[in-house]
Amino acid sequence: MIISLRAVSRLKSGHVWIYRSDVLSSTDAAPGAVVAVTDERGRFFGSALYSSSSQIALRMISSGAVPDFPALLRERVRNARAYREKLVHDTDAHRLIFSEADFLPGLIVDRYNDILSLQILTQAMDAEPVRTALLSELSEQLKPAAICERVDAHIRELEQLPPRESGPLIGEKTSTIFTMNGIRFHFDVREGQKTGAFLDQRENYAAAAEYAHGEALDVFCYQGAFALHLAKACERVTGVDSSRPALEIADKNALLNQFEIDWIEANAFDLLKDYSAAGRQYDTVVLDPPAFAKSRKNLATALRGYKELNLRALKMLRPGGVLVTCSCSYHVSEGEFLEVVKDAAQDAHKTVRLVEKRGQAKDHPVLPVVPETAYLKCLILLA
Ligand code: SAH
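Calculation rules
- Residues numbered from 1 in each chain as written.
- Predicted model: local features only at pLDDT ≥ 70, side-chain atom pairs only at ≥ 80, totals over all residues.
- Heavy atoms only, no water.
- Near = heavy atom within 4 Å.
- Polar contact = N/O pair within 3.5 Å; in protein donor to acceptor, adjacent residues only side chain to side chain.
- Areas by Shrake-Rupley, 256 points an atom, 1.4 Å probe, with all protein chains shown as cover.
- Salt bridge = Lys/Arg side-chain N within 4 Å of Asp/Glu carboxyl O.
- Helix = DSSP H or I, 4+ residues; strand = E, 2+ residues; numbered from the N terminus.
- Buried < 20%, exposed > 50% of the residue type's maximum accessible area, 1.4 Å probe, protein only.
- Contact = heavy atoms within 4.5 Å.
- Axes fitted to C-alpha atoms, helices over the stretch in contact; angles between N-to-C directions.
- Left-handed = near helix turned anticlockwise from the far one by under 90°.

Caption draft 1: Representation of the site of the ligand within the structure. Taken together, the neighbourhood of the ligand is formed by 15 residues, with Tyr205, Phe220, Asp241, Ala268 and Asp288 sitting nearest. One of the side-chain nitrogen or oxygen atoms of tyrosine 205 is found 2.6 Å away from an oxygen atom of the ligand. In this structure, phenylalanine 220 approaches the ligand through a main-chain N or O atom, which is 3.0 Å from a nitrogen atom. Within the complex, the protein chains bury 84% of what would otherwise be the 590 Å² of accessible surface of the ligand.

In structure tokens form, the structure reads like this:
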């Protein structure tokens, strides 16, 4: 496949995506094929996975020829596993394969104890020989009780792939209990209702627990992962979320660990406004909202949202209190997020000390040439 000079210079800078507008001539490659990438003069730049429908037409997989992609995939699965074996500790749940960051673009595999949950996001990864090689390698390497697929119907539509159901591909087990940092969690893959923790926060949960004390408030608690981690160190923990199903699982998780935690179903913005107006105080506050900036366009609104949350949280902190504040918006940079927190502290008349600037856990490595692989910010501040 012939690419433009602009794409050549992107490749030279290390990026691994080529957009459709930079593909000059298409051969009659099949959707999901492995193709050779060249410039107009026939210079060879490597091999890529082709998508006939995505805006990202080519995802580079090698600077050389790839005669047998399923074999290469097997090798990369082994490498991804070896890396986790060495560096991921205190957990039987982690991300085993993180797409581009593990040189397997379009593939995500998470491990929850004895169940593997996989997501296929591109035509190339959906090809039958690729699926077969993947399942066989994962089974051999990890011997899971089950391998389940989580289908994103919207992505399959965008990739022009036939619809599929979520569910087990190998084995029948659909629920299990996993343990991270000594805390136990329910996991259930049925009905696409994925439960579990946000694996990218795993190391941040443990870090938050080191600073936590006194009365704690976990805002946007989902199934309670931060709250559960704080419970050992704190006198009293309250989790807040607007999703009742998430809180029901949070409660089951608390029971599983024999912790007493109060769960409140509420809109976090309203609750923080009411609580701070009522003069409530806490020693530890965690803020882990959903991504407010879905695109660069709504950055300003997103920053206002972060500012408001952080301002209210800081106002409620007792002297010596801890704020753990997160943003998973890729479009909000660490610098912008820090600026928001600094402004919030100023408005709250608090002098804060930044003690940790954290990101994603090590099982979610970042490819500096693909900035999209870095999205999570987690700051720990002392008030
Ligand atoms: N801290 C969690 C992950 C949070 S994900 C963990 O580590 O597991 C974001 C959560 O915010 C979701 O559970 C979602 O239900 C909740 N949410 C989204 N908007 C909200 C709002 N306005 N008020 C309260 N919760 C909200």
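Caption draft 2: Spatial organisation of the pattern of salt bridges. Enumeration according to the criterion identifies 27 salt bridges in this entry. With a closest N to O distance of 3.4 Å, arginine 78 and glutamate 137 form a salt bridge. A residue pair is termed long-range when its members are at least 10 positions apart, and arginine 78 in helix α2 (residues 69–87) and glutamate 137 in helix α4 (residues 128–142) qualify at 59 residues. Arginine 78 gets classed as partly exposed once you look at its relative accessible area, which sits at 39%.

Caption draft 3: Here's a closer look at the environment of isoleucine 170. Tracing the sequence through the fold places isoleucine 170 in strand β11 (residues 167–170). In this structure isoleucine 170 comes out as partly exposed when scored by relative accessible area, which is 30%. Taking C-alpha positions, isoleucine 170 is 19 Å from arginine 81, a pair spaced 89 residues apart along the chain. Those residues in contact with isoleucine 170 that lie beyond four places of it in its chain are Leu135, Ser139, Ala145, Ala146 and Ile147.

Caption draft 4: Up close: the side chain of glutamine 201. Structurally, the position occupied by glutamine 201 is in the loop between β13 (183–188) and α6 (202–211). Not counting residues within four places of it along the chain, the set of residues in contact with glutamine 201 comprises Phe226, Asp288, Cys326 and Leu376.

Caption draft 5: Quick look at the environment of glutamate 215. With respect to the helices and strands, glutamate 215 occurs in strand β14 (residues 215–219). Placed 71 residues apart in sequence, glutamate 215 and valine 286 show a C-alpha to C-alpha distance of 12 Å. The residues contacting glutamate 215, other than those within four sequence positions of it, are Arg236, Gln281, Tyr282, Asp283, Thr284 and Arg318.

Caption draft 6: Main features of the packing of helix α9 (residues 268–277) against helix α10 (residues 299–316). Closest axis-to-axis distance for the α9/α10 pair is 9 Å, and the angle between their directions is 35°. In this structure, the crossing between α9 and α10 has a hand that is left-handed. Only Gly305, Glu308, Leu309, Arg312 and Met316 of α10 make contact with α9, whose side of the interface consists of Phe269, Leu272, Lys273, Tyr275 and Ser276.

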